Amino acid sequence: MTEMIPTWVDGVLTPVEKLEAHRKGLRHQAISVFLMRGNKTLLQRRALGKYHTPGLWANTCCTHPYWGESALDCAQRRLGDELGLPPIPLTFRDRVEYRADVGGGMIEHEVVDIFVGTLPETVPVLPNPAEVMDTIWQGLDDLAQEVVKTPGSFTPWLQIYLRDHAASIFGDMHPA
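So, a few notes on the structure that sits alongside this text. Please read all numbers here as calculations on a predicted model, not as lab measurements.

1. Observations regarding the overall build of the protein chain
In terms of helices and strands, the protein chain carries five helices and nine strands. Seen in sequence order, the protein chain has helices and strands lined up from the N terminus as β-β-α-β-β-β-β-α-β-β-β-α-α-α. Considering only C-alpha atoms, the protein chain reaches an extent of 40 × 35 × 30 Å along its principal axes. Residue burial in the protein chain is summarised as follows: out of 176 residues, 51% are buried. Residue pairs in contact within the protein chain that sit at least 24 positions apart in sequence constitute 64% of those at least 6 positions apart. For the protein chain, the accessible surface area stands at approximately 8300 Å², while carbon and sulfur atoms represent 54% of it. Measuring between centres, the 16 positive side-chain charges of the protein chain sit 3 Å from its 22 negative side-chain charges.

Here it is, written out as structure tokens:
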């Protein structure tokens, strides 16, 4: 099945095939989720079979809404698909735009709706191995230091979120 994502073409939001949007570096809609437990966030290491940034650490969940799908519905769907999670209450935190080379001749030029939620300790994380090779709960300050120390281990968007948008995403918990 061809995945059509909301993409701006000549200033008009249009359904475009996902890989085409990335190969052409077209501006498109996306979502990112950060699930928290106190001052720790759930990170995922992207599966080696992913079409870009395989094996890199990213925030809890990120993807593109299907054409006609709301950002919140997309976030809930992908938390289930990637991490085996039931619907989690999510709070919209910010809409940010970034452009980053993600390798393999692909560019992410995203307008991202960012959501934050709390994952209760009683809810197990069950990663889908086709999507996620590992998960870890990481303190925000430690994460900020690790990203500076070893940026090549983290996706470009996670680096951008922490560098440029931490206050709007994490509020008072944001990394120094």
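More follows now that the structure is in view.
2. What about the nonpolar core?
In terms of nonpolar packing, the biggest core is built from 27 residues, with Phe-34, Tyr-161 and Phe-170 touching the most fellow members. Elements with a contribution of two residues or more to this core: strand E3 (27-37), strand E5 (57-58), strand E7 (90-103), strand E8 (106-118), helix H3 (140-149), helix H4 (156-164) and helix H5 (166-170). It is H4 that provides the largest number of residues to this core, a total of five residues. Ignoring any residue separated from it by four or fewer positions in sequence, one finds Tyr-161 in contact with Ser-32, Phe-34, Asn-59, Val-96, Tyr-98, Val-112, Ile-114, Ala-166 and Ile-169. One finds Leu-35, Leu-42, Leu-83 and Leu-90 within the second-largest nonpolar core, a separate group that totals 17 residues.

3. Thoughts on the pattern of salt bridges
Going through the model one piece at a time under the given rule, you end up with 12 salt bridges. Of the charged contacts, one joins Lys-18 and Glu-3 as a salt bridge, the two residues approaching to 3.3 Å between their closest N and O atoms. Of the two residues, Lys-18 sits in helix H1 (residues 18-23) while Glu-3 sits in the segment before strand E1 (4-9), which places them 15 residues apart along the sequence. Relative accessible area serves as the criterion here: at 16%, Lys-18 is assigned to the buried category. Residue classification places Glu-3 among the buried positions, given a relative accessible area of 19%.

4. Quick word on a nonpolar patch on the surface
A cluster of nonpolar side chains, contributed by Met-4, Leu-13 and Trp-67, occupies part of the molecular surface with about 260 Å² of accessible area. Note that Met-4 resides in strand E1. For Met-4, a relative accessible area of 32% puts it in the partly exposed group.

5. Observations regarding unusual backbone geometry
Backbone geometry places Asp-10, a non-glycine residue, at a positive phi of 55°. Inspection of the secondary structure assignment puts Asp-10 in the loop between E1 and strand E2 (12-17). One non-glycine residue, Thr-53, lies in the positive phi region at around 50°. Relative to the helices and strands, Thr-53 is located in the loop between strand E4 (40-46) and E5.

Thresholds, definitions, all that
Numbering of residues starts from 1 in each chain and follows the order in which that chain's sequence is written. Since the coordinates come from a predicted model, pLDDT governs what is reported: local features require at least 70, and pairs of side-chain atoms require 80 or more to be given and counted, while whole-chain, interface and lining totals use all residues. Neither water nor hydrogens contribute to the side-chain values; these are computed over all heavy atoms in the structure. The way it works is that DSSP assigns letters per residue, a run of H or I at least four long becomes a helix, a run of E at least two long becomes a strand, and they are numbered from the N terminus. Only protein chains enter the accessibility calculation, which uses a 1.4 Å probe; a residue whose area is less than 20% of its type maximum is buried, one above 50% is exposed, and one in between is partly exposed. Contacts were defined at the residue level, with two residues in contact if any of their heavy atoms lie within 4.5 Å. Using the Shrake-Rupley algorithm and a 1.4 Å probe, accessible areas are obtained, with residue cover drawn only from the displayed protein chains. When charges are counted, neither His nor the chain ends are considered; positive counts come from Lys and Arg and negative counts from Asp and Glu. In plain terms, the charge of a residue is placed at NZ if it is Lys, CZ if Arg, CG if Asp and CD if Glu. By nonpolar core is meant a set of buried Ala, Val, Leu, Ile, Met, Phe, Trp, Tyr and Cys residues that side-chain atoms within 4.5 Å join together. Basic side-chain nitrogens of Lys or Arg form a salt bridge, by our definition, when they fall within 4 Å of a carboxyl oxygen of Asp or Glu. For patch building, the residue pool is restricted to those with more than 30% relative accessible area and no salt bridge; the joining distance is 9 Å between like charges and 5 Å between nonpolar side chains (Val, Leu, Ile, Met, Phe, Trp, Tyr).

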